[in-house]
Amino acid sequence: MAGGWAKDGAVSEQIEASINDELARMKARKAPVGESLKYCAECDEEIPERRRVALPGVKLCVDCAAERDGRPQDRGGFNRRGSKDSQLK
Ligand SMILES: [Zn+2]
């Protein structure tokens, strides 16, 4: 696109507006609830049904969610990630 930067700017403004619109709608709906995953998106561990029911749209197992939150759980010690990797193989 030669010399059309002003037009391009307008287009990206439009895109930005629709993204903001989308975000506003997501916020209006409060939680962006999607489908709960049966298997963790990080480690493919099965997510217990209780957890899926308690947290609609949950994507991670307890371990991965705790890791993501930076709050490692006090079970299994600090080698949890390592032992999980070996479980996968
Ligand atoms: Zn996981």
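Nothing here was measured: the structure is a model prediction, and the numbers come from that model.

Asker: Let's hear about the overall build of the protein chain: which residues, and what values?
Answerer: Each helix and strand in the protein chain was counted, giving 4 helices and 0 strands. Each of the 89 residues in the protein chain was classed as buried or not, and the buried ones make up 18%.

Asker: So what about unusual backbone geometry? Which residues, and what values?
Answerer: Although it is not a glycine, aspartate 44 adopts a positive phi angle of roughly 65°. Its location among the elements puts aspartate 44 in the loop between helix 1 (5-28) and helix 2 (49-54).

Asker: Now, about the UniProt feature "zinc finger region: dksA C4-type" (unreviewed entry) in the protein chain: what can you tell me, with residues and values included?
Answerer: Taking the UniProt record as the reference, the feature "zinc finger region: dksA C4-type" (unreviewed entry) is found at residues 40-64. With 36% helix and 0% strand, residues 40-64 has its two end C-alpha atoms placed 8 Å apart.

Asker: An account of the pattern of salt bridges is requested, with residue identities and associated values reported.
Answerer: This structure, assessed with the given rule, holds 1 salt bridge. Among the ionic pairs, glutamate 42 bridges to arginine 68, the shortest N-O distance being 2.5 Å. Residue glutamate 42 is located in the loop between helix 1 and helix 2, and its partner arginine 68 is located in helix 3 (residues 62-69); the two are separated by 26 residues in the primary sequence.

Asker: Which residues make up the confidence of the model for the protein chain, and what are the values?
Answerer: Looking at the protein chain, the pLDDT average stands at 77 and 65% of residues meet or exceed 70. Of all secondary-structure elements in the protein chain, the lowest mean pLDDT belongs to helix 4 (residues 80-88), at 55, while helix 2 reaches the highest, 92.

Asker: Explain the coordination of the zinc ion to me, and be specific about the residues and the numbers.
Answerer: In an ideal tetrahedron of four donors about a metal, each angle is 109.5 degrees. In an ideal octahedron of six donors, the angles are 90 or 180 degrees. Here the zinc ion is held by the protein donor atoms Cys40 (SG), Cys43 (SG), Cys61 (SG) and Cys64 (SG), which lie 2.3 Å from it. Coordination at the zinc ion is tetrahedral: its 4 donor atoms span angles of 105 to 117° at the metal. Motif for the zinc ion, donor spacing along one chain: C-x2-C-x17-C-x2-C. With cysteine 40 in the loop between helix 1 and helix 2 and cysteine 61 in the loop between helix 2 and helix 3, this pair connects stretches of sequence that are 21 residues apart. For cysteine 40, a relative accessible area of 1% translates into the label buried. What makes cysteine 61 buried here is its relative accessible area of 2%.

Parameters and conventions
Here the residue numbers are simple positions, counted from 1 along each chain's written sequence. Residue-level local features of this predicted model are given only where pLDDT is at least 70; pairs of side-chain atoms are given and counted only at 80 or more, and the full residue set underlies all totals for whole chains, interfaces and linings. Only hydrogens and water are removed before side-chain values are computed, so all heavy atoms of the structure are retained for them. Helix numbering and strand numbering both begin at the N terminus, where a helix is a DSSP run of H or I of at least 4 residues and a strand a DSSP run of E of at least 2. Note on exposure labels: buried denotes an accessible area under 20% of the residue type's maximum, exposed denotes more than 50%, and partly exposed covers the range between, all computed with a 1.4 Å probe on protein chains only. UniProt positions are given in the numbering used here, feature names are shortened, and annotations may be inferred rather than shown by experiment. Between Lys or Arg on one side and Asp or Glu on the other, a salt bridge is scored when a side-chain nitrogen of the former is within 4 Å of a carboxyl oxygen of the latter. Each residue carries a pLDDT score, the predictor's own confidence in it, on a scale running from 0 to 100. Note that water is not among the atoms used; donors are N, O and S atoms within 2.8 Å of the metal (3.2 Å for Na, K and Ca), so sites may look incomplete. Here a site with four donors is tetrahedral if all angles are between 85 and 135 degrees, and a site with four or six donors is square planar or octahedral if opposite donors are over 155 degrees apart and the other angles are between 65 and 115; anything else gets the irregular label.

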